[in-house]
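# Survey of secondary and tertiary structure
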Amino acid sequence: MKVGLIRCEIVSEFCPAASCLKSMREKSGAFEGIDEEIELVGVMTCGGCPGKKVSSKVRALVNKGADTIVLSSCISKGYPVGVAFPCPNWENIVKAVKSVAKKCGEAKGIDVKVVEWTH
Ligand code: SF4
């Protein structure tokens, strides 16, 4: 699995993504049960509210070899994770990410998956 990780721009100012990286390294959370090696291809942010730049981020990550786009839990579940401030633009972001991932994958002849959380 070649992962392109996308994080919340605001959270990226103070969170070093340690828990996201740990879940990949230890194959826990969203990565539990994955047998293949997990390689982190790159890390980007949504580009800032309201997330309109996220499509270009998906394109860049797939062009760099990602076959799986992972949206960090700070976007889908908030920060602190599961406690507060999930992204108010989540539905639009995930819709755009899935659409662009599908198109980019088709252009490269691969099935680009989208994972909606990390830990
Ligand atoms: S659009 Fe959502 S994920 Fe992006 S910076 Fe704003 S709150 Fe964070």
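Heads up: the structure comes first, above all this text.
Throughout what follows, the structure given in this document is the object of discussion. Note that the coordinates shown come from a computational prediction; the quantities given were computed from them, not determined experimentally. (Residues numbered from 1 in each chain as written. Predicted model: local features only at pLDDT ≥ 70, side-chain atom pairs only at ≥ 80, totals over all residues. Heavy atoms only, no water.)

For the protein, the count of helices and strands is 4 helices and 4 strands. Counting helices and strands in the order they occur from the N terminus, the protein gives β-α-β-α-β-α-α-β. Relative to the 2.2 N^0.38 estimate, which gives 14 Å for 119 residues, the radius of gyration of the protein is 13 Å and therefore close to what a compact globule would have. Seen along its three principal axes, the alpha-carbon backbone of the protein occupies a region of about 40 × 30 × 20 Å. Counting only contacts in the protein whose residues sit at least 6 apart along the sequence, the fraction spanning at least 24 positions is 69%. If you sum the accessible surface of the protein, you get close to 6600 Å²; carbon and sulfur atoms cover 53% of it. Taking the 17 positively charged and 13 negatively charged side chains of the protein as two groups, their mean positions are separated by 7 Å. (Helix = DSSP H or I, 4+ residues; strand = E, 2+ residues; numbered from the N terminus. Rg over C-alpha atoms; globule rule 2.2 N^0.38 Å. Contact = heavy atoms within 4.5 Å. Areas by Shrake-Rupley, 256 points an atom, 1.4 Å probe, with all protein chains shown as cover. Lys, Arg positive; Asp, Glu negative; His and termini not counted. Charge placed at Lys NZ, Arg CZ, Asp CG, Glu CD.)

Moving on, we get to unusual backbone geometry. Each neighbour pair has its own omega, and for Cys-49 with Pro-50 the value is 5 degrees, a cis peptide bond. Topologically, Pro-50 is positioned in the loop between strand 2 (39–45) and helix 2 (54–63). The omega torsion across Tyr-79 and Pro-80 is -5 degrees, close enough to zero to call that bond cis. With respect to the element layout, Pro-80 can be found in the loop between helix 3 (73–76) and helix 4 (90–108). The phi torsion at Lys-27 lies on the positive side, around 50 degrees, for a residue other than glycine.

A few words on the pattern of salt bridges. Per the counting criterion, the structure on display carries 3 salt bridges. Two residues, Lys-113 and Asp-111, come together in a salt bridge whose shortest N-O distance is 3.8 Å. Classification of Lys-113 as partly exposed rests on a relative accessible area of 47%. (Salt bridge = Lys/Arg side-chain N within 4 Å of Asp/Glu carboxyl O. Buried < 20%, exposed > 50% of the residue type's maximum accessible area, 1.4 Å probe, protein only.)

Attention now moves to the sheet that holds strand 2. What the 4 strands build is an open sheet, ordered 2-1-3-4; its pairing is parallel. The open sheet has two edge strands, strand 2 and strand 4 (113–115), and neither has a second partner. When strand polarity is set aside, the average angle formed by the axes of neighbouring strands in this sheet is 20 degrees. One ladder, built from 4 bridges, connects strand 1 (residues 2–7) with strand 3 (residues 68–71); its direction is parallel. Note on strand 3: the bridge partner recorded for Ile-6 is Leu-71. On the sheet, helix 2 packs against strand 1, strand 2 and strand 3 and is oriented at approximately 160 degrees with respect to strand 2. (Pairing = 2+ DSSP bridges. Axes fitted to C-alpha atoms, helices over the stretch in contact; angles between N-to-C directions.)

Attention shifts here to a negative patch on the surface. Together, Asp-35, Glu-36, Glu-37 and Glu-39 line one region of the surface with negative charge. Counting through the fold element by element, Asp-35 comes out in the loop between helix 1 (18–25) and strand 2. (Patch = residues over 30% accessible without salt bridge, like charges linked within 9 Å, V, L, I, M, F, W, Y side chains within 5 Å.)

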